[in-house]
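Close look at the chain arrangement
Listed below are the residues making up each chain.
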Amino acid sequence: MYKWFLAWRYLHTKLIAFFGIASVSLCVAMVLVVMSVMGGFLDTIRERSRGLHSEILLETSSLQGFPFYGEFQEYLADHHADTVSMTTPVIYTYGIFRVPATKYTRPARVVGMRLNEYTQLNDFKQGLHYEHYFPGTTHLGPQRMPVGGIDANQRLVLPKDLEAANARWRESETDVEKKKNYEANPYEMAIYPPYVTTPIYGERVYAFGDDGPGYVGPKNSGVIIGCDMLNERRDDGDFDRFLARGADIAVTLMPISPGGNVTGEPPVRLPLRYVDDSRTGIYEIDDLCIYVDFDMLQHKLAMDPQALADGGMSRARINQMLIGLHDGTDLETGKAVVSAAWEKFLDSLGNKPSLMDVNMLNHTSVMTWEDMQRPFIQAVEKEKVLVTLLFSLISLVAMALVGCVFYMIVEKKTRDIGILKAIGASARGVAGLFVAYALAVGICGAILGTGLGVVFVWNINDIQSFLASLNPQLRVWSPEVYSFDKIPEIVKTWDAIGVAVVAVLASVAGSIIPATIAGRIWPVKALRYE
């Protein structure tokens, strides 16, 4: 009993103990922050990668694509309906993106999709900005530009379908603060004319004219734009926009023949209409990709059936097929099923494929969403282990410091040790006193360090914003470098518990040698000390 009594007394009466507590706290906080950020980085990669794709992908490594995709969709539906839930084709290419009103021009990766099918296989819909506030109004079909105006009550309003969609959102939204923020500033008014840009950036931008709410301009196919391509990122991580929804967009493409050559035709210019922007959370995608209607893009790129010189027809081509699995289907099992089905399907084609078709089919492969990102995921996993190991080695300083602190205490408490032994305390009991003392130091340090680390991680983006406000050079997290637009802010419970337990054990281990020395001191020598 005396061991715990004296350990507690030493803990709160001796200033030197607080140096040990401080060292343990700082090391725990440091390792926990590193593990949380790196672990959150890895989890975000996995989550966002899964959200970008379906479970299984059939993809080609060449821009000219591959044929027979429609027949393979039917084959999967006929033979593997118990495993495959649905499929959808995707086309991707590269082009020149331009905003005619501002002359802003840059390269872009153009993705052709069937939006309703695509969003059933991944989380793409969750990142659509205007679709969130005006549900059901984002589509990629031909459409005109929405223009707001003044109604009979002298209020600025949008066209009826947009107002009705927004009313549905307000009825279903449970976040009172979000609705309050929307009501405070529903949208910014774009300049009229040309009513496509606004001098004051806003979260939502619409054109407003003198003729009342309605739609203007020709019907152009819609385009969804990556949020980092046009918008300005705010300090809170959200975006301010300057371009009105429905503004004209021009994209120039260069069709590729089945043989992989430029067709020789003039570049294709697509007049499009900005309908929404997408936020996947992965900077490289949000800063590069735009999304258009699959059938329109396939036709414009001459990837639909084309008349051949010999009188026949070429086969339609795509670059990627997303394949969804039924709930509960193991990912690797699904990949094995689809891979086997693809091989059997190719064998069943016999002599149907031409030599050019065979060349394109040879570039295809079946992958899971994990396979798509495996090199990146593995690199981050190794980086997490390496960084955690390095910081853990640095944290051994805490163990050494605890050892030094306790050695100094043993030297200072030699007389106390002599008295304890003189009244009957055993060597093991005296050693146990200092081990209990170290245990108390470790527990206090682990609790304080865990709290400090958790609070730091939860506020790490705010801390970075504050430092950047003092000096832009202090902004350590750049989305251009680290791919993601925010630092991960999640602390896993078991990570915190593990770090805390290791810290306590390290504190106890650091006290073993001084405790052993204390236990071996002879009472006579101790009482004669000074």
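Residues numbered from 1 in each chain as written. Predicted model: local features only at pLDDT ≥ 70, side-chain atom pairs only at ≥ 80, totals over all residues. Heavy atoms only, no water.

Take the overall build of the chain next. Along its length, the chain carries 19 helices and 16 strands. Considering the chain as a whole, with its 530 residues, one finds that 50% of them fall into the buried category. Counting only contacts in the chain whose residues sit at least 6 apart along the sequence, the fraction spanning at least 24 positions is 79%. If you sum the accessible surface of the chain, you get close to 26,300 Å²; carbon and sulfur atoms cover 60% of it. (Helix = DSSP H or I, 4+ residues; strand = E, 2+ residues; numbered from the N terminus. Buried < 20%, exposed > 50% of the residue type's maximum accessible area, 1.4 Å probe, protein only. Contact = heavy atoms within 4.5 Å. Areas by Shrake-Rupley, 256 points an atom, 1.4 Å probe, with all protein chains shown as cover.)

Turning our attention to helix H6 (residues 160–172). Taking 1.5 Å per residue as the helical rise, H6 with its 13 residues ought to reach 18 Å, and the 19 Å between its terminal C-alpha atoms agrees with that figure. Taken together, the buried positions of H6 are occupied by Leu162, Ala165, Asn166 and Trp169. In a view along the axis of H6, the buried residues occupy a sector of 100°, so they form one face of it. Seen from the buried face of H6, the exposed residues on the opposite side, beyond 90 degrees, are Lys160 and Glu171. (Expected span 1.5 Å × (residues − 1). Arc of directions from axis to C-beta.)

For the rest of this paragraph, the subject is the environment of His53. Residue position: His53 is located in the loop between helix H2 (16–52) and strand E1 (56–60). His53 gets classed as buried once you look at its relative accessible area, which sits at 12%. The residues touching His53, leaving out its near neighbours within four places in the chain, are Leu121, Asn122, Trp369, Met372 and Gln373.

Attention shifts here to the nonpolar core. Counting 69 residues, the largest nonpolar core has Phe72, Phe97 and Ile249 as its most contacted members. Aside from chain neighbours lying at most four places away, what touches Ile249 is Phe97, Arg98, Val99, Pro100, Val223, Ile225, Leu243, Leu270, Pro271, Leu272 and Tyr274. In this structure, Tyr92, Leu115, Phe124 and Leu140 belong to the second largest nonpolar core, which totals 16 residues. (Core = buried A, V, L, I, M, F, W, Y, C linked by side-chain atoms within 4.5 Å.)

Pairing between strand E4 (residues 142–150) and strand E9 (residues 214–226): five bridges, direction antiparallel. Paired with Pro142 across the two strands is Ser221, which belongs to E9. In this sheet, strand E13 (residues 268–278) lies alongside E9 in parallel orientation, the contact comprising six bridges. Along E13, the bridge assignment pairs Ile224 with Asp276. As paired elements, E9 and strand E14 (residues 289–293) share two bridges and run antiparallel to each other. (Pairing = 2+ DSSP bridges.)

Counting through the fold element by element, Val501 comes out in helix H18 (residues 493–519). In this structure Val501 comes out as partly exposed when scored by relative accessible area, which is 44%. Sequence separation between Val501 and Ala446 is 55 residues; the distance between their C-alpha atoms is 7.7 Å.

Next up on the list: the pattern of salt bridges. For the structure shown, the criterion picks out nine salt bridges. With a shortest N-O distance of 3.6 Å, Glu203 and Arg204 are connected by a salt bridge. By relative accessible area, Arg204 is classed as buried at 4%. (Salt bridge = Lys/Arg side-chain N within 4 Å of Asp/Glu carboxyl O.)

Our next topic: the sheet that holds strand E10 (residues 232–233). Sheet architecture is open: three strands sit in the order E7-E11-E10, paired in antiparallel fashion. Edge positions in the sheet fall to strand E7 (197–202) and E10, since each of these pairs with one other strand and no more. With two bridges joining them, E10 and strand E11 (residues 239–243) adopt antiparallel strand pairing. Along E11, the bridge assignment pairs Glu232 with Asp240.

Below, the discussion takes up the side chain of Ser221. Tracing the backbone through its elements, the reader meets Ser221 in strand E9. Residue classification places Ser221 among the buried residues on the basis of a relative accessible area of 14%. The contact partners of Ser221, leaving out residues within four places of it in the chain, are Leu140, Gly141, Pro142, Pro271, Leu272, Arg273 and Met296.

For the rest of this paragraph, the subject is helix H16 (residues 460–470). Those residues of H16 that fall on the buried side of the exposure criterion are Ile460, Asn461, Gln464, Ser465 and Ala468. Taken end-on, H16 shows its buried residues confined to a sector of 140°, consistent with a single buried face. Across H16 from its buried face, at more than 90 degrees, point the exposed residues Asp462, Phe466, Ser469 and Leu470.

On to the confidence of the model for the chain. For the chain, mean pLDDT is 81; residues scoring 70 or higher make up 78% of the total. Predicted confidence for residues 1–7 stays below pLDDT 50, and this span has 14 contacts to residues more than four positions away or in other chains. (pLDDT = per-residue confidence, 0-100.)

Where H6 meets helix H7 (residues 176–184), the closest approach of the two axes is 10 Å, and the angle between their N-to-C directions is 145°. H7 is crossed by H6, and the crossing has left-handed handedness. Together, Asn166, Trp169 and Arg170 of H6 and Lys178, Lys179, Tyr182 and Glu183 of H7 make up the contact between the two elements. (Axes fitted to C-alpha atoms, helices over the stretch in contact; angles between N-to-C directions. Left-handed = near helix turned anticlockwise from the far one by under 90°.)

What follows deals with the pairing of strand E8 (residues 205–208). Here E8 shows no split at all, with Val205 and Ala207 on one side and Tyr206 and Phe208 on the other all buried. Summarising the sheet, strand E6 (residues 188–189) and E8 pair through two bridges and their orientation is parallel. Pairing of Glu188 across the sheet is with Val205, part of E8.

A few words on the packing of helix H3 (residues 69–79) against helix H11 (residues 331–349). Two packed helices can be described by the angle between their axes and the distance between those axes. Viewed as axis vectors pointing N to C, H3 and H11 meet at an angle of 125°, and their least axial separation amounts to 11 Å. It follows that H3 is oblique to H11 by the angle criterion. The chirality of how H3 crosses H11 is right-handed. Residues Glu71, Phe72, Tyr75 and Leu76 of H3 form the contact with H11, whose own contacting residues are Val338, Ala341, Trp342, Lys344 and Phe345. Here the contact of H3 with H11 is composed, by residue class, of seven nonpolar, no polar and two charged. (Parallel < 35°, antiparallel > 145°, perpendicular 65-115°, else oblique. Nonpolar A, V, L, I, M, F, W, Y, C, P; charged D, E, K, R; others polar.)

Next up on the list: unusual backbone geometry. One non-glycine residue, Phe68, lies in positive phi territory at about 65°. Tracing the chain through its elements places Phe68 in the loop between E1 and H3. On the basis of relative accessible area, Phe68 is assigned to the buried category, the value being 2%. Phi angles above zero are rare outside glycine, and Lys103 is one such case at about 65°. If you trace the backbone, Lys103 turns up in the loop between strand E2 (84–99) and strand E3 (104–113). According to the relative accessible area criterion, Lys103 is exposed, its value standing at 55%.

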